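Structural characterization, general
Residue strings, one per chain:
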Amino acid sequence: MKVLLSGGGTGGHVNPALAIGAVIEKHDKNADIHYAGTPCGIENKLVTKYPMHHVEIQGLRRSLSLSNLKTAYLTVTSFGKAKKLLRELKPDLVVGTGGYVCWPVVRAAASLGIPTALHESNAVPGLAAKMLCKKVDCIFVNFPDTAALLQGCKEVLHVGTPLREEFSQEVTEKPVLPKGCDQYILCFGGSLGAKRLNSEVLHLMKEYGTAHPNVCIELATGSRAYAEVKAEFDRLGLDRYPSLVLSEYIYDMPKRMMSCDLIICRSGAMTLSEVAAAGKASILIPSPNVTNDQQTKNARVLSDKGAAVLLAESAIGENTLIECVADLMENERARKEMEEKVKVFAKRDAGELIWEKLTLLTSKK
């Protein structure tokens, strides 16, 4: 089977594609998998095992900008370039997982009669899914209620979010913690980072981390924010504490998530699926800048069941996060109860369900 995967812009779009690629390889040892992304997207860092092909396209800005003229131009030209790529590759199947690049690639594939599928991990469908829903053969969704928002589709299947295979494996080699550390807090705001979350975690490091050298606190700042956060990290003197770790991006996320004692993160759909699969206690700080406040809705699904702690950015005071972390880190029983409750939300058969449908699509070609 020859497959072209497409998705980019953030890790939340790329990682599901990589998980789908892994499932395809698991069932088809001779699978020939390629990837289509944008020239500058994070997919160029994350996709290391598949040949990468580029289709230039960018998003539309909400404010008046000359950049929108370029967006309009690329929207027109990207479709033709995607068609040319598909004619050269001749894939049996094209699977999109979101992001701007998804539209021209999947739309071009559908126009050429190539079987197509999309995976939408968010409860509220993104622009790519809305534009493509009537063109693709099947859309996989993470949340059951999403189907009602995708009118006119040929087929919508609720499967959950496919995760990297490492989330279903036992951790045999844990991350090496700094000397003297016996607890580990993992903090991240997504592949591109989150300014407020980074700021709050730096404050946590300064006030709580320096007073608890046995607790390793690692913050993945995101690629765009690393230089700025590192400068503040050094200014605060945090670089003198071995237990406080700053990273740009975490490339072995499954291992680190399954080895930590507490996670502090945003609440995108992919992230919550991984937290549930890892079975870890978490403090969720939703991004307030997401359409329809979707991250808060995602987080509330878990927090209402006692499976996570929800902290709205607008409600965070000077020591709110510190107090919340202290309560959980000093109460192992509370963390264990939260771990058991979040495991209920893990859907471990998403990859298999997707594989079954993909084989049906290609068999009808």
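Residues numbered from 1 in each chain as written. Predicted model: local features only at pLDDT ≥ 70, side-chain atom pairs only at ≥ 80, totals over all residues. Heavy atoms only, no water.

For the protein, the count of helices and strands is 13 helices and 13 strands. The C-alpha radius of gyration computed for the protein amounts to 21 Å, which stays within 12% of the reference 21 Å derived for 365 residues, consistent with globular compactness. In terms of overall dimensions, the protein has a C-alpha envelope of 60 × 45 × 35 Å along the principal axes. Put simply, the protein has 365 residues, and 54% of those count as buried. By sequence separation, contacts in the protein at least 24 residues apart represent 65% of the contacts at least 6 residues apart. Of the roughly 16,800 Å² of accessible surface on the protein, a fraction of 50% belongs to carbon and sulfur atoms. In the protein, which carries 45 positive and 41 negative side-chain charges, the distance between the mean positions of the two groups comes to 7 Å. (Helix = DSSP H or I, 4+ residues; strand = E, 2+ residues; numbered from the N terminus. Rg over C-alpha atoms; globule rule 2.2 N^0.38 Å. Buried < 20%, exposed > 50% of the residue type's maximum accessible area, 1.4 Å probe, protein only. Contact = heavy atoms within 4.5 Å. Areas by Shrake-Rupley, 256 points an atom, 1.4 Å probe, with all protein chains shown as cover. Lys, Arg positive; Asp, Glu negative; His and termini not counted. Charge placed at Lys NZ, Arg CZ, Asp CG, Glu CD.)

With the rule as written, the count across this model stands at 16 salt bridges. Between Arg333 and Glu337 there is a salt bridge, and its shortest N-O distance comes to 3.5 Å. Here the residue Arg333 and the residue Glu337 both occupy positions in helix H12 (residues 332–343), the gap between them amounting to four residues, near one helical turn. Judged by its relative accessible area of 65%, Arg333 falls in the exposed class. Between Glu339 and Lys336 there is a salt bridge, and its shortest N-O distance comes to 3.7 Å. Of this pair, Glu339 and Lys336 both sit in helix H12, separated by three residues, roughly a single helical turn. (Salt bridge = Lys/Arg side-chain N within 4 Å of Asp/Glu carboxyl O.)

This paragraph deals with H12. Between its first and last C-alpha, H12 extends 17 Å over twelve residues, near the 16 Å set by a 1.5 Å rise per residue. The elements touched by buried residues of H12 are strand S8 (183–188), helix H9 (269–278), strand S12 (282–284), helix H10 (294–303), strand S13 (309–310) and helix H11 (320–329). (Expected span 1.5 Å × (residues − 1).)

Per-chain confidence: the protein averages 89 in pLDDT, with 93% of residues scoring 70 or above. Here residues 60–69 is a poorly scored stretch, pLDDT under 50, and it has seven contacts once near neighbours within four places are set aside; other chains count. (pLDDT = per-residue confidence, 0-100.)

Here the focus is the packing of aromatic side chains. For the coordinates displayed, the defined rule picks out two aromatic pairs. Geometrically, the ring pair formed by Phe79 and Trp103 is tilted, given 6.2 Å between the ring centres and 40° between the ring planes. Here Trp103 lies in helix H4 (residues 102–111) and Phe79 lies in helix H3 (residues 67–89), a separation of 24 residues in the sequence. (Phe/Tyr/Trp six-rings, centres within 6.5 Å; stacked < 30°, edge-to-face > 60°.)

Further remarks concern the nonpolar core. A general feature of soluble globular proteins is that nonpolar side chains tend to end up buried together. Among the nonpolar cores identified, the biggest contains 33 residues, and Ile217 and Val325 are the most heavily contacted of them. Those elements giving two or more residues to this core turn out to be S8, helix H6 (195–209), strand S9 (215–220), helix H7 (226–235), strand S10 (244–247), strand S11 (262–265) and H11. Counting residues per element, this core draws most heavily on H11, which supplies seven residues. Formed by 28 residues, the second largest nonpolar core is a distinct cluster that contains Ala220, Ile263, Cys265 and Ala276. (Core = buried A, V, L, I, M, F, W, Y, C linked by side-chain atoms within 4.5 Å.)

Next up on the list: the packing of helix H1 (residues 11–27) against helix H13 (residues 350–363). Two elements in contact, H1 and H13, have axes separated by 10 Å at closest approach and are oriented at 65°. Comparing their axes, H13 and H1 come out roughly perpendicular. In terms of crossing hand, the pair formed by H1 and H13 is right-handed. Taking contact as the criterion, the partners of Ile20, Val23, Ile24, Lys26 and His27 in H1 are, on H13, Gly351, Glu352, Ile354, Trp355 and Leu358. Of the residues contributing to the contact of H1 with H13, the split by class is six nonpolar, two polar and two charged. (Axes fitted to C-alpha atoms, helices over the stretch in contact; angles between N-to-C directions. Parallel < 35°, antiparallel > 145°, perpendicular 65-115°, else oblique. Left-handed = near helix turned anticlockwise from the far one by under 90°. Nonpolar A, V, L, I, M, F, W, Y, C, P; charged D, E, K, R; others polar.)

Relative to the helices and strands, Arg335 is located in helix H12. One polar contact links the side chain of Arg335 to the main-chain carbonyl oxygen of Leu328, over a distance of 2.9 Å. Excluding residues within four positions of it along the chain, Arg335 makes contact with Gln183, Asp261, Ala281, Leu328, Met329 and Glu330. (Polar contact = N/O pair within 3.5 Å; in protein donor to acceptor, adjacent residues only side chain to side chain.)

Contact geometry of H6 with H11 gives a least axis separation of 9 Å together with a crossing angle of 60°. Looking at the two axes, H6 sits oblique to H11. In this structure, H6 meets H11 at a crossing whose hand is right-handed. Contacts between H6 and H11 involve Glu200, Val201, His203, Leu204, Glu207 and Tyr208 on the former and, on the latter, Leu321, Ile322, Val325, Ala326 and Met329.

Looking at the element boundaries, Leu284 is found in strand S12. Taking the C-alpha atoms as reference, Leu284 lies 15 Å from Lys195; in sequence the two are 89 residues apart. Sequence-distant contacts of Leu284, that is, excluding residues within four places in its chain, are made with Cys265, Arg266, Ser267, Leu272, Ala299, Leu302, Ala308, Val309, Leu310 and Leu311.

By definition, a disulfide is the covalent link that joins the sulfur atoms of two cysteine residues. Overall, the coordinates contain zero disulfides when judged by the stated rule. Sulfur of Cys324: no disulfide; nearest cysteine sulfur belongs to Cys187 and is 12 Å away. Since its relative accessible area comes to 13%, Cys324 is described here as buried. (Disulfide = S-S within 2.5 Å.)

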